[in-house]
2 protein chains.
Amino acid sequence: TSLYGKGRCFCLRDGDDFVRRRNIEKLEVIPKSPMCQRLEIIVTLKGTAEQRCLNPQSKFVQNLINTLRKRSSK
Amino acid sequence: TSLYGKGRCFCLRDGDDFVRRRNIEKLEVIPKSPMCQRLEIIVTLKGTAEQRCLNPQSKFVQNLINTLRKRSSK
């Protein structure tokens, strides 16, 4: 999914439903704003520092955020 | 909480337990890595683009991530 959509959103389409967790260097959650009417989730991958959009509706992505959050409270 | 701790973590101490949700432009979750042995949560604030560390153990912060995630699946 390429970034920098027509409007002011980062992501053109919905984004990927899956990414390997150990490849994630950083995960960004960008709430809806006047600039972009939908919440966006962008991961930066280790090594390449490539950025990729994730599909906020995908169960995997929602679990991913949950596991990251839970691991923080151990 | 200032950023750029002694090691390679962004955050010096635990971070804030609260931030006004409408002030959040972006929220970053950075999993533990060889560079930094703890998960870090950093928000970028609207307007000033100031970055602030949040305490991953704080209930508020955990709920914040949850509400952002839930709002994405509406």
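Relevant structure appears above.
To start, this report covers the structure provided alongside it.

Cut-offs used in this document
Residues numbered from 1 in each chain as written. Chains lettered and ligands numbered in written order. Predicted model: local features only at pLDDT ≥ 70, side-chain atom pairs only at ≥ 80, totals over all residues. Heavy atoms only, no water. Core = buried A, V, L, I, M, F, W, Y, C linked by side-chain atoms within 4.5 Å. Buried < 20%, exposed > 50% of the residue type's maximum accessible area, 1.4 Å probe, protein only. Helix = DSSP H or I, 4+ residues; strand = E, 2+ residues; numbered from the N terminus. Contact = heavy atoms within 4.5 Å. Phe/Tyr/Trp six-rings, centres within 6.5 Å; stacked < 30°, edge-to-face > 60°. Disulfide = S-S within 2.5 Å.

Right, let's get into the nonpolar core. In terms of nonpolar packing, the biggest core is built from 26 residues, with Leu27(A) and Leu27(B) touching the most fellow members. Within the residue set of this core, elements represented by two or more residues are strand S1 (24-30), strand S2 (40-45) and helix H1 (59-72) of chain A together with strand S1 (24-30), strand S2 (40-45) and helix H1 (59-72) of chain B. Setting aside residues no more than four positions away along its own chain, Leu27(A) makes contact with Ile41(A), Ile42(A), Val43(A), Leu64(A), Ile65(A), Leu68(A), Leu27(B), Glu28(B) and Val29(B).

Our next topic: the packing of aromatic side chains. Residues and elements named next belong to chain A. Under the defined criterion, the tally for this structure stands at two aromatic pairs over all chains. When the centroid spacing of 4.7 Å and the interplanar angle of 50° are considered together, the rings of Phe 18 and Phe 60 count as tilted. Taken together, the positions of Phe 18 in the segment before S1 and Phe 60 in helix H1 put the pair 42 residues apart, joining distant regions of the chain. Classification of Phe 18 as partly exposed rests on a relative accessible area of 46%.

Turning our eyes to something else, we now look at the state of the cysteines. Residues and elements named next belong to chain B. The tally for this structure, following the rule as stated, stands at four disulfides over all chains. There is a disulfide in this structure between Cys 9 and Cys 36, and the S-S distance comes to 2.0 Å. Torsion about the S-S bond of the Cys 9 and Cys 36 cystine: about 100°, corresponding to right-handed handedness. Of the two residues, Cys 9 sits in the segment before S1 while Cys 36 sits in the loop between S1 and S2, which places them 27 residues apart along the sequence. An identical accessibility class is assigned to Cys 9 and Cys 36; each is buried.

Geometric values such as these leave the question of function open.
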